[in-house]
Structures are given as structure tokens and as C-alpha cells.
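Working through the structure, step by step
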Amino acid sequence: MRMKYLFISWLVVFIGSWIIYVEYSTYTELCRGHDCKKIICDKYKTGVIDGSACSSLCAKETLYFGKCLSTKPNNQMYLGIWGNLQGVIKCQMEETIHLDLGTELEPRKEIVLFDKPTRGTTVQKFKEMVYGLFKQKLGEQGNLSELVNLILSVADGNKDGRVSLPEAKSAWALLQLNEFLLMVILQNKEHTPKLMGFCGDLYVMERVEYTSLYGISLPWILELFIPSSFRRSMDQWFTPSWPRKAKIAIGLLEFVEDIFHGPYGNFLMCDTSAKNLGYNDKYDLKMVDMRKIVPEINLKELLKDRHCESDLDCVYGTDCRTLCDQSKMKCTTEIIQPNLAKTCQLLKDYLLRGAPSEIHEELEKQLYSCIALKVSANQMEMEHSLILNNLKTLLWKKISHTNDS
């Protein structure tokens with residue numbers, strides 16, 4: 001019996017030590033905030049970059065890194081404390097160019113080097129550079145000049161009425177990132193996190209209180225041992241009450257409206273998982289991560305010459321899919337599912353569980369009609385608007401008389 005207890009004790013110590021070692025190794029690889037801050041502040045102190053958050057981060061030290069939220073080593077993410085405000089700090093750490101649709105869409109080489117614009121570049125020339133970038137990313141839009149002026153106002157971090165060369169370098173680096181561009185485009189929309197400040201390609205955005213639709217996150221080591229079917233059941237246990245879920249869902253549908261043929265073109269949601277969506281204490285939807293929301297023109301340009309052997313080679317993120325043209329062994333550029341269909345797929349179990357009996361059947365019918373929506377369908381835009389408005393109306397009528405509305 002003594003030998004048995006000794007063996008069990010040794011086994012517990014061994015497994016515990018292994019878990020601690022793996023956790024520590026993973027943390028040191030994922031969480032490189034010190035390196036990120038050093039790179040940014042070295043560039044700031046030598047006058048290469050500037051921005052609205054630089055002084056607080058590097059000189060006054062009133063902006064500092066809190067809890068590590070990173071899930072990938074090259075995309076550093078931290079809870080940020082800025083004076084008495086809380087936000088989320090995002091910093092890019094990768095120096096190589098990524099054109100692999102299985103990893104990242106955004107080239108990183110120029111961003112880390114901060115080599116554009118060069119000394120001697122006039123404001124007019126910088127505006128032309130930004131205009132050209134937008135034309136490449138967003139396509140021909142009649143109002144791109146307005147967006148350029150909007151970017152220049154954001155780039156003026158110290159609000160002195162002009163954009164300095166270091167500020168321009170920071171703005172140019174940030175414009176390579178789709179999330180930053182989308183935050184600027186949708187800065188007045190309710191469901192987009194607010195931009196609080198930036199320095200180089202580091203930026204601080206509004207913190208979202210609840211960072212998943214389901215309100216539960218587990219340590220990664222536990223995730224390994226929990227079957228996916230059981231995890232889905234666990235998720236459903238920790239959701240808000242149904243009227244609050246309906247309000248969050250309405251917010252998500254409104255966000256889909258915002259990016260569907262908006263003022264600067266159509267954006268595609270290429271990862272519609274619950275972990276990218278959150279909500280505040282009033283149960284208003286807030287986007288948590290928009291890095292996989294990309295301009296349609298930009299994605300099509302990258303897909304059109306991509307070699308493929310099957311449809312599985314024509315995927316970006318988890319949800320943006322096209323077909324493989326077997327005769328040419330190239331990916332086509334027509335996205336199969338619109339944002340709304342992917343959103344309804346996500347919301348199906350979320351909304352049907354606990355739905356009031358008097359609307360359950362109609363809600364299920366509308367959700368399945370929504371999931372069946374195809375980009376190639378005749379009159380797709382009309383169907384898109386009709387389905388979206390019908391869903392919003394059904395949900396809103398049911399909760400409009402409740403406190404949750």
C-alpha cells in the first residue's frame with residue numbers, strides 16, 4: 001500500500017510539473033509584450049514613428065501591458081491599462097511577408113521596417129500613396145478621397161493640424177492591417193470597438209467586457225480533453241437569457257448590414273466563430289477580433305491565381321471559400337456563402353435553444369432560409385435584405401416590451 005501511494009504521489013507530481021512547464025513554455029512563446037514594447041519605443045525614441053499613444057507608452061509610462069490575451073506569437077494582444085481607462089493593446093511581431101491564405105492575408109515587411117513614406121515626401125504625395133492603397137484594397141470607389149482625409153485626421157495623433165513624417169509612417173503601417181482600416185471606416189457604428197490610440201503598428205482599442213457569445217473560456221489544457229460535442233453543450237449552459245441573446249443577435253445582424261456593400265465596398269467575414277464576437281454589460285454586440293474581416297476586392301485579387309487541386313485549397317480563414325476550377329487548377333474568385341448565411345449558421349443553435357414556443361417554428365424556418373442563401377443566387381441582394389430584415393423584425397417584436405430591449 002505504501003508503494004502504491006508513493007507511485008500515485010510521484011505520478012501526480014510528474015503530471016503537475018509537466019503541465020506547469022508546458023504552460024510556462026507556451027506563455028513565454030505567446031506573450032512577448034516586453035519585446036513588442038521595446039521595438040516600438042526604440043523606434044519612437046529615435047524619431048522614426050509617432051502617434052497618439054507613443055508618449056504614454058514610452059515616456060510617461062501611463063499606458064502599460066496587463067494580462068496577456070495572445071493566441072498566436074505574431075499577433076500580440078494584451079489587456080491595456082491607460083491611466084484610469086481599460087483597453088486592449090494589439091501589436092504585430094512578424095517580419096516576413098505572408099501570402100499564404102491559410103495563415104495571414106496582410107504583408108508585414110513594410111510594417112516592421114517603417115520605411116514608408118520616405119523623408120521629403122509631401123503631404124500631397126502621402127495622400128496619393130494612401131489613395132492608391134485604398135484603390136488596391138477596396139477597388140474603385142467614388143468617395144475614396146473622403147476616406148483619405150479621414151485617415152489623415154486620425155494620423156494627426158497630437159492634433160496640431162498637420163501630419164508629421166513619424167505620424168505618417170505609423171499611419172501607413174497601420175493601414176496594411178484590415179482591422180485598423182475597418183475600425184476607421186466604421187468608427188461611428190455601434191458594434192465596432194473604438195480606436196483609443198496608436199504608436200507605430202501598435203494600437204489600443206476599446207475593451208469588450210464579455211469576449212465570447214457564450215461567456216465561457218477555459219484554459220487550453222482543459223480544452224484538449226473535452227470532447228467537442230460536450231463543449232458545445234457547455235457553451236449553451238453559460239449563455240445569457242433568451243431575450244438578451246436575441247438582442248445580441250440583432251446587433252450581429254446590424255453589423256452584417258454595416259459591412260455588406262457599405263460606403264467603401266463589401267467586406268467578408270472569414271472567421272465567424274463565437275470567440276470573435278462579444279458584448280457589453282447592456283448586451284449590445286461588440287466585435288472582439290476583426291482581423292479576419294477582409295475587403296472583397298482584396299481577397300479576390302489574392303485568390304485569382306492561387307493553385308489548387310481541390311476546393312479545400314481555396315479557403316481563407318475558416319469561412320471564406322471558393323471553388324477550384326479543375327480545368328485550370330486555379331481557384332475561382334466567387335465566394336460561395338455571403339456573410340449573412342455564415343452568421344445564421346452561427347446563430348442557429350444560439351437562438352433556437354430556449355426560444356419562446358410561439359416563435360420557435362417561425363424562427364427556425366427563417367434561420368434555415370438564411371443559411372441556404374448563396375452568393376450566386378438570382379436577386380441575392382434583394383433576398384439578403386429581405387431575410388435580414390425579417391429576422392430582425394421577428395426578434396425585435398418579441399423582446400421590444402422587455403427590459404432587455
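Per an unreviewed UniProt entry, the recorded name for the protein chain is FAM69 N-terminal domain-containing protein, and the organism is Gopherus agassizii. Note on the protein chain: under the UniProt heading Sequence similarities (unreviewed entry), the record states "Belongs to the DIPK family." The record in UniProt for the protein chain states the following under Subcellular location (unreviewed entry): "Endoplasmic reticulum membrane".

Note: strand β4 (residues 195–199) against strand β5 (residues 202–206), 4 bridges, orientation antiparallel. Bridging across to β5, Phe198 finds its partner in Tyr203. Between the antiparallel neighbours β4 and β5 lie 2 residues, among them Gly200 with a positive phi of about 60°.

Time to look at the pairing of β5. β5 sits mainly inside the fold: 4 of its 5 residues count as buried. Bridging between strand β3 (residues 85–92) and β5 involves 4 bridges; their strand directions are antiparallel. Bridge pairing in β5 places Val88 opposite Met205.

Next up on the list: the pattern of salt bridges. Applying the stated criterion across every chain, the model contains 16 salt bridges. Asp289 is the partner of Arg291 in a salt bridge, and the nearest nitrogen-oxygen pair spans 2.6 Å. Grouping residues by exposure puts Arg291 and Asp289 together as buried. Shared partners join several salt bridges into a network, and the residues in it are Lys90, Glu179, Asp289 and Arg291.

So, on to unusual backbone geometry. In this structure, the amide linkage connecting Lys116 to the following residue, Pro117, adopts the cis form with an omega of -5°. Tracing the sequence through the fold places Pro117 in the loop between α4 (109–113) and α5 (123–138). Backbone geometry places Tyr283, a non-glycine residue, at a positive phi of 65°. Inspection of the secondary structure assignment puts Tyr283 in the loop between β7 (277–279) and β8 (285–287). Exposure remark for Tyr283: the relative accessible area of 18% places this residue in the buried category.

Inspection of the entire model under this criterion finds 5 aromatic pairs. Relative to Tyr203, the ring of Phe180 lies with its centre 6.2 Å away and its plane at 65°, an arrangement referred to as edge-to-face. Here Tyr203 lies in strand β5 and Phe180 lies in helix α8 (residues 178–185), a separation of 23 residues in the sequence. Overall, the relative accessible area of 3% leaves Phe180 in the buried class. Residue classification places Tyr203 among the buried residues on the basis of a relative accessible area of 1%. Pairing Tyr214 with Tyr350 gives two aromatic rings, centres 5.5 Å apart and planes at 85°, and the pair type is edge-to-face. Highlighted residues: Tyr214 in the loop between β5 and α9 (220–223) and Tyr350 in helix α13 (residues 339–352), separated in sequence by 136 residues. You'll find Tyr214 and Tyr350 in the same group, each marked buried. Among the aromatic residues, ring-to-ring pairing joins Tyr210, Tyr279 and Tyr283 into one connected group. Positioned over the ring face of Tyr350 is Lys245, at 5.4 Å from the centre of the ring.

Looking now at the sheet that holds strand β2 (residues 75–82). Strand order in the open sheet made by the 5 strands is β1-β2-β3-β5-β4, with antiparallel pairing throughout. Either end of the sheet is taken by a strand with one partner, and the two such strands are β1 (63–68) and β4. Neighbour-to-neighbour, the strand axes of this sheet turn through a mean angle of 30°, independent of strand direction. On the sheet, α8 packs against β3, β4 and β5 and is oriented at approximately 45° with respect to β5.

Now for the environment of Ile359. Positionally, Ile359 belongs in helix α14 (residues 357–371). Each C-alpha atom, one on Ile359 and one on Leu395, is 8.9 Å from the other, the two residues being 36 residues apart in sequence. Among all residues touching Ile359, those that are not within four sequence positions of it are Trp242, Leu394 and Lys398.

Note on terminology: a disulfide is the covalent bond linking the sulfur atoms of two cysteines. A complete count under the given rule lists 8 disulfides for this structure. What pairs with Cys36 in a disulfide is Cys91, and their sulfur atoms sit 1.7 Å apart. When the S-S torsion is 115°, as for the bridge of Cys36 with Cys91, the disulfide is right-handed. Taken together, the positions of Cys36 in helix α2 (residues 33–45) and Cys91 in strand β3 put the pair 55 residues apart, joining distant regions of the chain. As far as the burial class goes, Cys36 and Cys91 line up, both buried. Covalently, Cys308 is tied to Cys324 through a disulfide, its sulfur atoms 2.0 Å apart. Here Cys308 and Cys324 share a disulfide; its torsion about the S-S bond, 90°, makes the bridge right-handed. Here Cys324 lies in strand β12 (residues 324–325) and Cys308 lies in the loop between α12 (296–303) and β10 (315–316), a separation of 16 residues in the sequence. By relative accessible area, which is 9% here, Cys324 ends up buried.

The first and last C-alpha atoms of helix α6 (residues 144–155) sit 16 Å apart over 12 residues, in line with the 16 Å expected at 1.5 Å per residue. Taken together, the buried positions of α6 are occupied by Leu144, Leu147, Val148, Ile151, Leu152, Val154 and Ala155. Down the axis of α6, the buried side of the element spans an arc of 160°, and every buried residue falls inside it. For α6, the elements touching its buried residues are α5, α7 (165–175), α8 and β4.

How each quantity is defined
- Residues numbered from 1 in each chain as written.
- Predicted model: local features only at pLDDT ≥ 70, side-chain atom pairs only at ≥ 80, totals over all residues.
- Heavy atoms only, no water.
- UniProt positions renumbered as here; feature names shortened; annotations may be inferred.
- Pairing = 2+ DSSP bridges.
- Helix = DSSP H or I, 4+ residues; strand = E, 2+ residues; numbered from the N terminus.
- Buried < 20%, exposed > 50% of the residue type's maximum accessible area, 1.4 Å probe, protein only.
- Salt bridge = Lys/Arg side-chain N within 4 Å of Asp/Glu carboxyl O.
- Phe/Tyr/Trp six-rings, centres within 6.5 Å; stacked < 30°, edge-to-face > 60°.
- Lys NZ or Arg CZ within 6 Å of the ring centre and 35° of its normal.
- Axes fitted to C-alpha atoms, helices over the stretch in contact; angles between N-to-C directions.
- Contact = heavy atoms within 4.5 Å.
- Disulfide = S-S within 2.5 Å.
- Expected span 1.5 Å × (residues − 1).
- Arc of directions from axis to C-beta.

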